[in-house]
Structures are given as C-alpha cells and as structure tokens.
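What follows is each chain in one-letter form.
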Amino acid sequence: MSASVVASAAAPAEPAGALGISTRDLTKRYGSILALDGLSLEVPAGSVFGLLGPNGAGKTTTLRVLTGLARATAGTATVAGVEVGLDRPDLRRRLGYLDQDPRFYPWMRGRELLELTGRLSGLEQPELGRRVLDMLDLVGLRAAAERRIGGWSGGMRQRLGIAQALIHRPTVVFLDEPVSSLDPEGRRDLLDLIAGLRDATTVVLSTHLLADVERVCDRVAILDRGRLVTEGPLEELLAKHARPLFLLDPEAGQDDAVEGLVGRLAAAPWATDVSTLAGGRIRVSAGDADAASAAILPLVAEAGVRLVAFERARPTLEDVFLELVGPPGPDDLDGRGFVRPREVAS
Amino acid sequence: MAGLGVLLRKELLEQWRTLRLPLVAIVFLLIGFLSPLLARFTPEILRAVGGGLINLELPPPSAGDAIDQLAKNLGQLGALIAILLAAGAVATEKDRGTAALLLTRPVGRAGFLVAKLVAIGITLAISTAVAVAAAWFYTLVLFEQLSPGGTVAAAVMNWLALLAWAAITLLASTLTRSALAAAGIGFVALILIGILGIVPAIAPWLPTGLAAAARALWLGVPGPEAWTPIVGTLLLIAACLVLAWLAFRRQEL
C-alpha cells in the first residue's frame with residue numbers, strides 16, 4: 001500500500017478543534033430492548049476513534065444511528081456538523097461506511113461497484129476513473145476488478161467494502177469490525193491505511209480487537225450494554241483505569257512451590273487479581289503499586305521459588321477493558337455469545 | 001431525486017445481467033406467437049379431441065379472437081410476471097443489506113424507488129412490444145392486417161396495466177422484508193381489483209378496464225372510452241409510488 005495512495009484516500013484536513021461527531025443523550029430502543037442508553041460523545045475531527053465493547057454492547061447500533069440507517073429514539077447527534085436523520089443526502093455526502101458484514105451485488109464486477117458508489121457520491125469522469133484505480137490499488141484488488149463479486153472470498157469483499165467507503169474522500173468514515181475477515185497481512189495493511197487517514201479524516205473504528213485499537217486509535221470509548229463506560233485519550237485511560245501489573249516467570253520444575261507462591265500472592269491485601277498464564281508465568285494485578293513492589297520479591301523468597309524474570313508490565317487496553325467491563329458471566333450471554341441487552345418497560 | 005440516472009443505469013444492468021429482461025422478453029415473445037395460433041386452431045383442436053363424438057358449432061376464428069387470446073394471456077401470465085419482477089425489488093435489497101450500501105450515499109429514497117419502477121417498466125415495455133409485434137405478425141399471417149396505430153396504442157395500454165401490477169407489488173415490497181410476502185400481496189391485489197371490476201361505477205377506472213379499450217382500438221371498432229382507465233391506472237401507479245416513498249423514508253435499514 002503506497003503512501004501516496006493512502007494520502008489520496010483522505011479528505012482535506014479539518015480545522016483544528018472542530019468536532020467530527022457529537023452525540024447528546026443518544027438513545028435507541030427496539031421495543032423493550034434498550035440498545036443504546038443516553039450516549040454522549042464528542043469525537044474531535046481528524047482523530048481515529050475506537051468504539052470498544054463486547055458483542056451486543058451497542059457499537060453497531062451507534063454506527064447505524066450515526067450513518068442514518070436507524071433512527072434514534074431520543075437524543076441528538078451531528079456528523080461533520082450535519083444533524084443525523086434517515087433521509088438526509090446532505091449527511092451522507094460527508095460520510096463513508098463499512099458494514100460489519102458488507103454485502104454487494106453478486107452480478108456486479110468490482111470495478112463497477114466502485115464506479116457506482118463513486119458516481120452516487122458525486123464523482124465524475126475523469127476523476128472517477130482515477131479514484132477507482134487508486135482504490136483498487138489501495139486494497140489490492142486491481143487483478144480481480146473485472147471479476148463478478150459473487151465469486152469473491154469474504155476477505156476480498158471486506159477490502160472492497162473499505163474501498164467503497166473511502167472512494168469519495170469522506171470527512172467521516174465509520175468502519176464496523178473492518179478486519180474481521182482479513183488475513184494478518186491484510187489486517188496490518190488496513191491498520192496502516194487507517195493510521196494514514198488521521199488528521200484529514202475522522203475515523204470511527206468499531207471492534208472488539210483491543211490490539212488493533214491500541215495500535216491506531218487516538219481516543220477510545222468503551223460501551224457495555226448500551227451505556228458509555230468511559231471515554232478519552234488512550235494513554236489517559238491506561239493511566240486512569242489500568243491497575244499496576246507485575247509478571248513473574250518461574251524456572252520450570254517447581255510446581256508445588258509455584259502453587260504456594262500463587263496462594264501467598266492472592267492472599268496479599270494489595271493484590272486484586274492473580275492468575276497463571278500459558279507457559280507458567282504468574283500475572284499479578286495490584287491495587288497499590290508501591291506495596292506490591294515492596295512485597296512481591298520477599299513473598300517469592302518465602303515460597304522458595306526461583307525466578308527467570310520479574311517485571312512490572314505496561315498495562316494494556318485489555319486490562320482497562322477487563323477492569324471496567326469484566327468478563328461476562330454465563331447468565332449474561334445469550335445463545336449466540338452476545339451480551340444480553342438490558343430490557344426496559346416499553 | 002439525487003442519483004436517479006446512476007441508479008436507473010444500475011437497475012437496467014441488473015435486469016440484463018440477472019437475465020430477467022431477456023427471459024421475460026422470451027416468455028412474452030412466446031405469448032405473442034402462441035395467442036393468434038391458439039385462436040386460429042382452437043376449433044380444429046376441439047374437433048380433433050372430440051373425435052367426431054361431439055358436434056361443435058363454433059364460429060370461424062377471427063383477428064378479434066387472436067387479440068382476445070393475447071389480452072387474456074398478458075392479463076394472467078403477464079400480470080404474474082410483472083408481480084414477480086417487482087416482488088423482490090425493495091424487499092430483497094433491504095433483507096440482503098444492499099439497500100444500505102446505496103442509501104448511505106447522497107441518494108434520495110424517492111430516487112431509489114423511482115429507478116426500480118422505471119427499470120421494471122422498461123423491461124415490461126420491451127417485452128410487451130415484443131409480444132404485441134409477434135401477435136401482430138401472426139395475426140397478419142393467419143387472419144388479416146391490423147392497423148399499426150391501433151397496435152401501438154394497444155401495446156401501450158397493455159403495458160400500462162402490467163406496470164400497475166408492478167407498482168402495487170413494489171409498494172408491497174417496500175412495506176415488507178420478504179419478496180414472497182410482497183408477491184402474495186401483489187397477487188391478492190390482482191384478484192381484488194379483478195373483483196372490483198364487476199362494480200359498474202368503478203370498473204372503467206381500473207387497470208382491468210384497459211384490455212377492452214385496447215381491443216377496440218386495435219380492431220378499429222367502437223368500444224369503451226380509453227382515457228378513463230388510462231387516467232385511473234396512472235393515478236393508481238402514482239399513488240403506489242407516493243405511498244411507497246412515504247413508508248420507505250421512515251424505514252430503518
């Protein structure tokens with residue numbers, strides 16, 4: 001993916017301080033199901049914004065409301081300064097959207113699909129032809145451009161979805177689970193592409209892949225059961241919510257001693273979570289970093305455990321996520337593995 | 001209606017690529033050829049089937065019988081095809097998610113619906129023209145020459161009736177997410193309007209009234225007033241489109 005092509009996917013830069021997206025008390029109900037509960041967000045123009053949450057948290061509902069595919073039950077929202085609504089061509093002129101399961105016309109060729117979406121977005125020849133070729137190069141589909149989409153793989157369709165979302169240089173792009181069907185190389189390329197859009201385009205990336213968010217997002221919002229749990233710059237969230245984390249790597253062949261050490265660590269008053277990872281490493285989450293730093297090595301010595309390594313680890317977004325949302329219990333999930341939504345009187 | 005031309009081009013390409021246009025045109029061609037043939041040979045077929053046991057006194061077949069046969073076939077099989085063409089037009093796009101692909105673009109929903117109906121109308125127009133041309137030619141061979149002007153007028157009126165069934169089904173397709181349900185509603189509407197056609201005060205305004213007027217124009221004989229069913233059918237088509245738009249503009253995709 002060449003830098004010039006990535007740059008050409010972006011819209012002209014927004015003025016500093018402008019808002020790409022703003023929502024106030026955005027609420028969406030489906031009968032008695034409360035899919036979105038009073039969401040208030042401000043997304044700076046030109047930022048890459050991660051929308052995180054477990055399945056069923058309300059991420060897709062948020063994107064559907066903001067793109068005008070669904071109507072908010074209450075609250076207001078603007079995208080690129082335009083109030084959102086169902087039949088609003090002026091809103092859609094400014095946005096690009098990739099569905100989590102992009103669907104196209106199987107009888108259409110890849111090039112034709114991009115020409116169609118480009119024309120509908122106001123592009124005309126000769127610029128349209130150039131943009132189509134640029135987008136095909138950008139997502140690596142030039143060779144397949146004249147084949148009918150009906151025979152394409154899921155990954156190819158997802159890449160085509162990304163190309164159609166960007167063809168008209170939108171001001172705001174909504175990408176719903178954009179890497180779910182991509183191979184590792186395609187995933188890396190797409191994340192590079194998203195990073196290249198920064199400053200010129202506001203990107204909202206909905207995903208449950210925390211590593212991707214850490215890699216490209218400036219700001220993050222975490223949703224759970226339709227509610228905003230937290231929102232802010234990534235580093236701020238890590239500093240605010242992630243508990244101090246220590247990793248201990250014992251030498252092999254000391255199973256009984258290690259078991260004793262885990263028990264001692266778990267019983268310590270400053271320990272919030274102690275778990276054994278793959279490979280025998282011990283992960284210790286602490287409420288008080290200073291107390292933990294002072295106490296861990298003496299406890300190791302008392303248990304008679306020999307360590308290969310001991311480190312204070314940098315907390316990850318996953319730690320923040322688990323701290324704030326926590327893993328769902330068996331009763332929280334429905335048959336599809338989605339978190340059960342909250343029900344309210346309709 | 002932003003994007004109408006682009007959407008219409010896409011719809012026509014879809015009609016061609018999915019073989020709807022060529023298949024419907026071939027079926028209509030067969031209807032056009034077979035209708036005069038059936039009219040011409042039905043008395044002989046009946047006599048042959050009867051084997052001389054039944055003494056049938058049938059009037060000699062005429063060009064009017066050929067036209068009646070064509071009108072009957074277009075009114076039944078043609079109407080069914082028009083309903084099937086429109087049944088999935090919106091419902092399938094909503095169900096498969098392709099409507100969302102187009103309608104997250106700066107495209108008005110009115111343009112989306114109008115493009116659908118115009119494309120179906122063009123498919124039906126080409127097919128009706130093929131059927132009527134074939135019927136005109138075989139009627140010439142087997143019976144007599146019919147006036148070209150009357151033939152064109154009859155083709156337009158038969159097409160208008162088919163477009164009305166398509167418009168009603170397009171409305172149903174907009175209201176549901178199932179092509180099958182839309183086809184069912186279209187079929188029920190076809191039957192209901194057929195029943196309404198026996199009410200003298202309403203009958204002249206309905207699409208079912210077009211066939212008799214078209215027959216008179218085609219044969220050059222006195223018949224019912226043509227403008228009444230034309231105006232009534234155009235109003236019905238417009239009403240279906242407006243209702244479809246009013247419903248569609250409020251729908252979530």
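Q: Explanation requested: the overall build of chain B in the structure shown.
A: Each helix and strand in chain B was counted, giving 10 helices and zero strands. Start at the N end of chain B and walk to the C end: the helices and strands fall as α-α-α-α-α-α-α-α-α-α. Radius of gyration (C-alpha) of chain B: 20 Å, near the 18 Å computed for a compact globule of 253 residues. For chain B, restricting intrachain contacts to residue pairs at least 6 apart in sequence, the fraction spanning at least 24 positions comes to 79%.

Q: Help me understand the overall build of chain A, please; the structure alone is not making it clear to me.
A: Helix and strand counts for chain A come out as 12 helices and 15 strands. In chain A, which comprises 346 residues, the share counted as buried stands at 43%. Summarising the internal contacts of chain A: among those between residues at least 6 apart in sequence, 71% fall at separations of at least 24.

Q: Would you take a moment to explain the pairing of strand 8 (residues 202–207) of chain A for this structure?
A: Residue and element names in this part refer to chain A. The buried fraction of strand 8 is high, at six of six residues. A two-sided burial pattern is seen for strand 8, the buried positions comprising Thr202, Val204 and Ser206 on one face and Val203, Leu205 and Thr207 on the other. Of the pairings in the sheet, the one linking strand 3 (residues 48–52) to strand 8 comprises five bridges and is parallel in character. Looking across to strand 8, one finds that Leu51 is bridged to Ser206. The pairing of strand 7 (residues 172–176) with strand 8 spans five bridges and is classified as parallel. Opposite Val173, over in strand 8, you have Val203 as the bridge partner.

Q: Any chance you could explain helix 11 (residues 289–303) of chain A here in plain terms?
A: Given 3.6 residues per helical turn, the α-helix brings residues three or four places apart onto the same face. All names here are of chain A. A rise of 1.5 Å per residue sets the reference length of helix 11, with its 15 residues, at 21 Å; its end C-alpha atoms lie 21 Å apart and thus fit the reference within 8%. At Ala295, helix 11 is bent by approximately 30 degrees, the largest bend along its length, and proline Pro298 sits one to four residues beyond. For helix 11, the set of buried residues is Ala292, Ile296 and Val300. Buried-residue contacts for helix 11 involve strand 11 (245–250), helix 10 (255–267), strand 13 (282–286) and strand 14 (307–313). Taken from the residues just after helix 11, Gly304 is the one with a positive phi, measuring 70 degrees.

Q: Explanation requested: the sheet that holds strand 12 (residues 271–276) of chain A in the structure shown.
A: Two modes of strand pairing occur in sheets, parallel and antiparallel, and in both the strands are linked by backbone hydrogen bonds. Residue and element names in this part refer to chain A. Judged by pairing direction, the sheet is antiparallel, and its four strands sit side by side in the order 12-13-11-14 without closing on themselves. A single partner strand is all that each edge strand has here, and the edge strands are strand 12 and strand 14. Taken pair by pair, the neighbouring strands of this sheet meet at an average axis angle of 15 degrees, ignoring direction. For strand 11 and strand 13, the ladder comprises four bridges, and the chain directions are antiparallel. Directly across from Phe246, in strand 13, lies its bridge partner Val284.

Q: What exactly am I supposed to notice about the interface of chain B and chain A here?
A: Accessible area lost during the coming together of the parts is what is often quoted as the interface size. Taken together, the contacts link 23 residues of chain B with 22 residues of chain A. Secondary-structure elements contributing two or more residues to the side of chain B that touches chain A are helix 1 (4–17) and helix 5 (98–103) of chain B. The residue inventory of the side of chain B that touches chain A, partitioned by class, reads eight nonpolar, six polar and nine charged.

Q: Honestly, unusual backbone geometry in this entry has me stumped. Any pointers?
A: Backbone phi values are negative for most residues with the exception of glycine, while trans is the configuration of most peptide bonds. Residues and elements named next belong to chain A. In this structure, Pro126 follows Gln125 across a cis peptide bond, with omega equal to 5 degrees. You can see Pro126 is positioned in the loop between helix 4 (110–120) and helix 5 (127–138). Notably, Ala80 is not glycine yet its phi reads approximately 50 degrees, a positive angle. Along the chain, Ala80 turns up in the loop between strand 4 (74–79) and strand 5 (82–83).

Q: I'm lost on the packing of helix 6 (residues 109–142) of chain B against helix 10 (residues 227–248) of chain B in this one. Help?
A: Each pair of packed helices gets described by two things: the angle between the helix axes and the distance between those axes. Residues and elements named next belong to chain B. Running from N to C, helix 6 and helix 10 point in directions that differ by 140 degrees, and their axes come no closer than 9 Å. Between helix 6 and helix 10, the angle is such that the two are oblique. Crossing angle aside, the handedness with which helix 6 passes helix 10 is right-handed. For the pair helix 6 and helix 10, the contacting residues are Arg109, Ala110, Leu113, Val114 and Leu117 in the first and Leu241, Ala244, Trp245 and Phe248 in the second. For the contact of helix 6 with helix 10, the per-class residue count stands at eight nonpolar, no polar and one charged.

Q: Would you explain the sheet that holds strand 9 (residues 219–224) of chain A in this entry?
A: Residues and elements named next belong to chain A. Pairing in this open sheet of six strands is mixed, and the strands run 6-7-8-3-9-10 from one edge to the other. Only two strands of the sheet have a single neighbouring strand rather than two, namely strand 6 (95–98) and strand 10 (227–233). Across the sheet, the mean angle from the axis of one strand to that of its neighbour is 15 degrees, orientation sign disregarded. Here strand 6 runs beside strand 7; their pairing, made up of four bridges, is parallel.

Q: Would you mind showing me how to read the nonpolar core here?
A: Within soluble globular proteins, side chains that are nonpolar generally end up buried alongside one another. Counting 152 residues, the largest nonpolar core has Ala163, Val204 and Leu205 of chain A together with Ala82, Ala166, Ala167 and Leu170 of chain B as its most contacted members. With residues near it in sequence (within four places) discarded, Ala167 of chain B still touches Leu117, Leu236, Ile237, Cys240 and Leu241 of chain B. If you look at the next biggest cluster of nonpolar residues, it comprises 14 residues, including Val258, Leu261, Leu265 and Ile296 of chain A.

Q: Is there a simple way to think about the confidence of the model for chain B in this case?
A: Detail in the predicted coordinates should be disregarded across regions flagged by low pLDDT. In the predicted model, chain B carries a mean pLDDT of 92, and the fraction of residues at 70 or more is 97%. For this predicted complex, the interface score ipTM comes out at 0.87, alongside a pTM of 0.82.

Q: Sorry, what's going on with the environment of Leu238 of chain A here?
A: All names here are of chain A. Here Leu238 lies in helix 9 (residues 234–241). Note: C-alpha distance between Leu238 and Phe321 (83 residues apart in sequence) is 9.7 Å. Beyond its immediate sequence surroundings of up to four residues, Leu238 is in contact with Pro315 and Val320.

Q: Before we go on, may I ask you to explain the confidence of the model for chain A in this structure?
A: Overall, the prediction assigns chain A a mean pLDDT of 86, with 89% of residues at 70 or greater. Ranking the helices and strands of chain A by mean pLDDT puts helix 4 of chain A first, with 96, and helix 1 (residues 3–8) of chain A last, with 50.

Q: Hey, could you run me through the environment of Thr27 of chain A in this one?
A: Residues and elements named next belong to chain A. Relative to the helices and strands, Thr27 resides in strand 1 (residues 19–30). On the neighbour-count criterion, Thr27 (16 C-beta atoms within 10 Å) is partly exposed. For the pair formed by Thr27 and Val65, sequence separation is 38 residues and the distance between their alpha carbons is 9.5 Å. Those residues in contact with Thr27 that sit more than four places away from it in its chain are Leu36, Asp37, Gly38, Ala72, Thr73, Ala74 and Gly75.

How each quantity is defined
- Residues numbered from 1 in each chain as written.
- Chains lettered and ligands numbered in written order.
- Predicted model: local features only at pLDDT ≥ 70, side-chain atom pairs only at ≥ 80, totals over all residues.
- Helix = DSSP H or I, 4+ residues; strand = E, 2+ residues; numbered from the N terminus.
- Rg over C-alpha atoms; globule rule 2.2 N^0.38 Å.
- Contact = placed C-beta atoms within 7 Å.
- Buried ≥ 20, exposed ≤ 12 C-beta atoms within 10 Å, placed from the backbone.
- Pairing = 2+ DSSP bridges.
- Expected span 1.5 Å × (residues − 1).
- Bend = angle between axes of the 7 residues up to and from the residue.
- Axes fitted to C-alpha atoms, helices over the stretch in contact; angles between N-to-C directions.
- Nonpolar A, V, L, I, M, F, W, Y, C, P; charged D, E, K, R; others polar.
- Parallel < 35°, antiparallel > 145°, perpendicular 65-115°, else oblique.
- Left-handed = near helix turned anticlockwise from the far one by under 90°.
- Core = buried A, V, L, I, M, F, W, Y, C linked by C-beta atoms within 7 Å.
- pLDDT = per-residue confidence, 0-100.

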